[in-house]
Amino acid sequence: MSRAKYIAGNWKMHLTKRRASTLARDMVAAAENSNPAVKVAVFPTYVHLDHVRRNIRNSNIILGAQNCYGKKEGAFTGEISPYMLRDMGVKVVMIGHSERRHIFGETDAMIFEKVKIALRAKLDVMLCVGETIDERKAGETFKVLARQLKVLKVVKPAQTSRITVAYEPVWAIGTGETATPQIAQEAHAECRRFVGEILGDEAAQQMQILYGGSMKGSNADELLSQPDVDGGLVGGASLSKDDFSPIINAASALS
Ligand code: PEP
């Protein structure tokens, strides 16, 4: 089964309003010069969403948010509802990024609630999963992935096409250390198998599974060439046109 490549930039807590707007315009130009079969998304911080939305308005770039709360509305000071994101023009929300899990203590139970309400709010979901270095060394990688992917039990058959999984080994995020293409392929194939157990084979074959963890222009081609690697979730290298465009180009060449 051939799946479209999907390249997403996670801008984390970076950039000013002006720099985010400029980068958004740069991304529009980069996407215009790339293969239209490649999906491109950007995930700015909440307060830049509206500026970025205006700058990508006439393009195919997808607007994503980095997080949401697991409730529709209520007395949850400082939180953002997925319905508010939808209202802002956001199309996809990232849930379960390792920085949310490990710095902010998000549990699988919280992530389950977020996925459920985000789908109900008609947002697409990018669910991030991945093992720590200790878990990998202990031989627990697949056990961890299976546990984290269990939240997909909340997804109804008609919603499966709205889910993307990002496999992001925690030891490779922001460290400059990238998983080898073999490690990535092995983990992606296993994620796809787990998705199949939960949502069925057809959904698993159609699901885009992205790799995240120090992807850059110099390693994108070999990672994206793996049969189960359908794209990249890119942090550091998504913060400049010169670093992000080669990744989009690598995906374009393979599409
Ligand atoms: C990420 O934040 O999801 C990520 C993969 O970051 P980096 O590319 O910087 O490792």
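The structure presented is a predicted model; accordingly, all values stated were derived computationally and were not measured. (Residues numbered from 1 in each chain as written. Predicted model: local features only at pLDDT ≥ 70, side-chain atom pairs only at ≥ 80, totals over all residues. Heavy atoms only, no water.)

### Considering a positive patch on the surface
Spelled out, the test is: Patch membership requires over 30% relative accessible area and the absence of a salt bridge. Like charges are linked within 9 Å, and nonpolar side chains (Val, Leu, Ile, Met, Phe, Trp, Tyr) within 5 Å. The method behind every accessible area is Shrake-Rupley, applied with a 1.4 Å probe, and residues are considered shielded solely by the protein chains displayed. In what follows, salt bridge is the name for a side-chain nitrogen of Lys or Arg lying within 4 Å of a carboxyl oxygen of Asp or Glu. A residue counts as positive if it is Lys or Arg and as negative if it is Asp or Glu; His and the chain ends are not included. Throughout, a charge is located at the NZ atom of Lys, the CZ atom of Arg, the CG atom of Asp or the CD atom of Glu. The way it works is that DSSP assigns letters per residue, a run of H or I at least four long becomes a helix, a run of E at least two long becomes a strand, and they are numbered from the N terminus. Throughout, exposure labels follow a simple rule: accessible area from a 1.4 Å probe, protein chains only, divided by the maximum for the residue type, with under 20% read as buried, over 50% as exposed, and the rest as partly exposed.
A surface patch of positive charge is lined by Arg 86, Lys 91, Arg 120, Lys 122 and Lys 156. Within the element layout of this structure, Lys 122 appears in the loop between helix H5 (108-120) and strand E5 (124-129). Note on Lys 122: relative accessible area 56%, which makes it exposed.

### Let's talk about the packing of helix H10 (residues 217-224) against helix H11 (residues 241-253)
Put simply, the test is: In this analysis an axis means a line fitted to C-alpha atoms, helices contributing only their contacting stretch, and an angle means the value between N-to-C directions, from 0 to 180 degrees. Should an angle fall under 35 degrees it is called roughly parallel, over 145 degrees roughly antiparallel, and 65 to 115 degrees roughly perpendicular, with every other angle called oblique. A clockwise turn of the near helix away from the far one marks a right-handed crossing, whereas an anticlockwise turn of less than a right angle marks a left-handed crossing. Two residues form a contact once any of their heavy atoms are found within 4.5 Å.
Interaxial distance between H10 and H11 falls to 8 Å at its minimum, and their mutual angle equals 25°. By the angle between their directions, the pair H10 and H11 is classed as roughly parallel. In this structure, H10 meets H11 at a crossing whose hand is right-handed. Residues Gly 217, Ala 220, Asp 221 and Leu 224 of H10 form the contact with H11, whose participating residues are Asp 243, Pro 246, Ile 247, Ala 250 and Ala 251.

### Quick word on the pattern of salt bridges
Evaluated as defined, the whole model comprises 17 salt bridges. Salt-bridge contacts for Asp 50 lead to Arg 53; the nearest nitrogen and oxygen are separated by 2.9 Å. On the criterion of helical spacing, the pair formed by Asp 50 and Arg 53 is a turn pair, its members being three residues apart in helix H2 (residues 49-55). Three or more residues joined by partner-sharing salt bridges are found here, namely Arg 3, Arg 192, Asp 228 and Asp 230.

### Comments concerning the site of the ligand
Convention followed: Throughout this document, a residue counts as near a molecule or strand when at least one of its heavy atoms sits within 4 Å of that molecule or strand. Polar contact is defined as a pair of N or O atoms within 3.5 Å, subject to the rule that within protein one atom must be able to donate a hydrogen and the other to accept it, and that residues adjacent in sequence are counted only when both atoms are side-chain atoms. Three categories are distinguished: nonpolar for Ala, Val, Leu, Ile, Met, Phe, Trp, Tyr, Cys and Pro, charged for Asp, Glu, Lys and Arg, and polar for the others, with Gly belonging to the last.
The ligand sits among 14 residues. The nearest are Lys 12, Glu 168, Gly 174, Ser 214 and Gly 235. In this structure, Gly 235 approaches the ligand through a main-chain N or O atom, which is 2.8 Å from an oxygen atom. In isolation the ligand offers 290 Å² of accessible surface; the protein chains occlude 96% of this area. Along the lines of polarity and charge, the residues of the shell around the ligand split into four nonpolar, eight polar and two charged.

### Topic: the side chain of Thr 160
Take Thr 160: it is sitting in the loop between helix H7 (141-149) and strand E6 (163-167). A relative accessible area of 17% places Thr 160 in the buried class. In this structure the side chain of Thr 160 is engaged in a polar contact, spanning 3.2 Å, whose partner is the backbone oxygen of Pro 157. Excluding residues within four positions of it along the chain, Thr 160 makes contact with Val 155, Leu 199, Ala 203 and Met 207.

### Considering unusual backbone geometry
Even without a glycine there, the phi angle at Lys 12 is positive, about 45°. Assignment of secondary structure puts Lys 12 in the loop between strand E1 (6-10) and helix H1 (17-32). Under the relative-accessibility criterion, Lys 12 is labelled buried at 16%. Despite not being glycine, Lys 122 has its phi angle at roughly 70°, a positive value.

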